[in-house]
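Observations on the model geometry
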Amino acid sequence: MKSFKVFRKLSFLANIGLIGAVALSTQSCNDLLTENVVSRIGNDYINTAKGLNDATSAAYSTMRSWYGTERGMNLTIFGTDSYQNGADGSWKMMNTYTTEFDTRNGQIAEVWNDFYQGINTCNAIIERASKVSGMAETVKKQRIAEAKFIRAHHYFILTQLFGGVDLRLTETLAPTKIVKRSTVAAQYAQIIKDLTEAIPDLENKARSADYGRISRAGAEHLLGRVYLTKATSTAKAGDDYAKAIGSLKNVISNYGITLLPDFANVHRQGNEMNSEVIWSIQYTRDPLTNAGGNNAHVFFGMEYDVLPGMQRDTENGRPFKRYMPTKYTLDVLFKDRENDSRYKKTFKDTYLSNRPGTYNTSFDLTKRTVTFALGDTAIFLPGYEMPIEERAKKKYQVLVPSRYDERIFLAINKHFDGGRVDRTQFEGGRDFIAFRLADTYLMLAEAQFFSGATADAAATYNVIRRRAAWPGKESAMLVTASQLDVNFVMDERERELLGEQSRWFDLARWGNLVERVKLHNPQAAPFIKAHHVLRPIPQLQIDRAEGTASGFPQNPGY
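As a convention, each chain's residues are numbered from 1 in the sequence order in which they are written. A pLDDT threshold of at least 70 governs which residues receive local features in this predicted model, and a stricter bar of 80 or more applies before side-chain atom pairs are shown or counted, although totals over entire chains, interfaces and linings include all residues. By convention in this description, side-chain values take in all heavy atoms of the structure and omit both hydrogens and water.

So, the environment of arginine 503
Inspection of the secondary structure assignment puts arginine 503 in helix H16 (residues 503-510). Linking arginine 503 and glutamine 84, residues 419 residues apart in sequence, is a C-alpha distance of 12 Å. Only heavy atoms enter the contact rule, under which two residues are in contact if any of them lie within 4.5 Å. The contact partners of arginine 503, leaving out residues within four places of it in the chain, are Thr76, Thr80, Asp81, Ser82, Tyr328, Met490, Glu494, Trp510 and Arg516. For the purposes of these results, a polar contact is taken to be a pair of N or O atoms within 3.5 Å, where, inside protein, one atom must be able to donate a hydrogen and its partner to accept one; residues adjacent in sequence count only when each atom of the pair is a side-chain atom. Separated by 3.0 Å, the side chain of arginine 503 and the backbone oxygen of methionine 490 make a polar contact. To qualify as a helix, a DSSP run of H or I must reach at least 4 residues; to qualify as a strand, a run of E must reach at least 2; elements of each kind are numbered from the N terminus.

With respect to the packing of helix H4 (residues 106-128) against helix H5 (residues 137-162)
Helix-helix packing is described using two parameters, namely the angle between the two axes and the distance between the axes. Between H4 and H5, the shortest axis-to-axis distance is 9 Å and the interhelical angle comes to 150°. As the angle between them shows, H4 and H5 are arranged roughly antiparallel. Crossing geometry of H4 relative to H5 is assigned as left-handed. Here the term charged refers only to Asp, Glu, Lys and Arg, the term nonpolar to Ala, Val, Leu, Ile, Met, Phe, Trp, Tyr, Cys and Pro, and the term polar to all other amino acids, Gly among them. A per-class count over the contact of H4 with H5 returns 17 nonpolar, four polar and three charged. Lines fitted to the C-alpha atoms define the axes, with helices restricted to the stretch that makes contact. Angles between their N-to-C directions range from 0 to 180 degrees. Any angle between 65 and 115 degrees counts as roughly perpendicular, while under 35 counts as roughly parallel, over 145 as roughly antiparallel, and the rest as oblique. Here a crossing is called left-handed whenever its near helix is offset anticlockwise from the far helix by less than a right angle, and right-handed whenever the offset is clockwise.

Remarks on the sheet that holds strand E12 (residues 377-380)
The sheet built from three strands is open, its strands ordered E9-E12-E13 with mixed pairing. Each edge of the open sheet is held by one strand with a lone partner, namely strand E9 (350-352) and strand E13 (397-398). Of the pairings in the sheet, the one linking E12 to E13 comprises two bridges and is parallel in character. Counterpart to phenylalanine 380 in the pairing with E13 is valine 398. Any two strands between which DSSP finds at least two bridges are classified as paired.

Re the pairing of strand E11 (residues 369-372)
Whether a residue is buried, partly exposed or exposed follows from its accessible area with a 1.4 Å probe, protein chains only, as a fraction of its type maximum: under 20%, in between, or over 50%, in that order. Residue alternation in E11 divides its side chains into a buried set, Val370 and Phe372, and an unburied set, Thr369 and Thr371. Of the pairings in the sheet, the one linking strand E10 (residues 357-360) to E11 comprises four bridges and is antiparallel in character. Bridge pairing in E11 links threonine 358 to threonine 371.

Let's talk about the pattern of salt bridges
Any Lys or Arg side-chain nitrogen found within 4 Å of a carboxyl oxygen on Asp or Glu counts as a salt bridge. Summed over the entire model, instances satisfying the criterion amount to 48 salt bridges. Between arginine 151 and aspartate 194 there is a salt bridge; the shortest N-O distance is 2.8 Å. In this pair, arginine 151 is assigned in helix H5 and aspartate 194 in helix H6 (residues 184-198), connecting sequence segments 43 residues apart. Take arginine 151: its relative accessible area is 5%, and that puts it in the buried class. Measuring nitrogen to oxygen at the nearest pair gives 2.7 Å for the salt bridge that ties arginine 436 to glutamate 276. In this pair, arginine 436 sits in strand E15 (residues 432-436) while glutamate 276 sits in the loop between helix H8 (240-254) and strand E6 (277-281), placing the two residues 160 residues apart along the sequence.

Here you go:
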């Protein structure tokens, strides 16, 4: 298998005389790729075969502005029903929806700028490919198809975040202030057009031979998600769910993609290229080319490194204490721990001592001192109010839910990165799994449910739930059509996809973001308002538009 890595978040913008790219050569999946950073490239370089390939790589690299990044995580994890903010002082307003979360938000501006750079690169590829010689037509068509996928992807994210945006489909050759907000309907029409045109010219397989490029399966997965989201938007059509079902069934049936037998292995480090992955964002360990890296590993950790017997290490992570699970997540989503293995396999509940010695305790008041040898259990979070008498018998600290606060809480396992060079490194190197088959099943089941095909939906959900069951508990995990309702749809999706950059989008498309946040996120409940179902247009975009606010209006409420 080959591995296709995009190493730099650089773009081909035709209005810039000198542009940056990376020359890529692929090797086996066990080797790092040979990379040569190329700069001072003339505008005509993209008109060559090598230039078109490098332009496609540059377009892919803009995915790194979103997946596994601080901005992408804050915009999808914070301010939902499943996560609230921990003690980390940065960006709390993105959870609480206070007035500090305004049009000058830097992370909003970064996503906007990076995605439009990627869109303009895609526009250049699509327009210029016909002029390129020395490239096989099949490869040329594939590069155009990849550009259409990336453009569709970026506009889909932008549409969900902002509503109407500037729908720019031709290469921008010079700076311009002439921009306007399109409509959600026009944007969905273009997104669907790009994806349907791209699918036939992409590699007809589960994953590209150059791992990291999009394949037909990935484009069909995204198309299914687009239809599912469109079905509850202002652009909805009566056949959206049916079209979603068709696309998602194709992904499941036509490409040989399979669920892993064990949920715990989906995000296990070193197993990122597994049979369940449809498409992932490629990162590397090289600091020159890794940009900001996949830094999801820092955000979900608790402050374990100040507790007796522990010090910070690479295995347990650099704990930013950014995202703290809500009571809804722990008490409702993961209530069934007897039959469903996903609580135990999602959360880290045990820490082994890496700092032996004897310590006074102030966190577990059932004992005055604790003594640890290297590798002894130092911390255990049982997930329920273990009786005091039982806790007192343990040689380690037992931290029960009533002890949780913004520093001490259950971390999730999905994003830990033990391959970092030291315990302080922020730039992680793990690939980020963007599309996986379990999500395909969940979206299919949801489309079936809202179409009224509840028996089909139950059967589809049961594929996921059977895999999630503890051995011997499979029958207890199966659901019937009569057990399905909207709450089940919402809960089952987050049980599987917790922490995978999905929840804010899900609540927004279901139309219950405000309701759910008020119910389950106590930090945000006093502040969230109806207009928060969209993000603010970056002020810099409005300022650089002809007519400023009259030429490019701000979303209501900001």
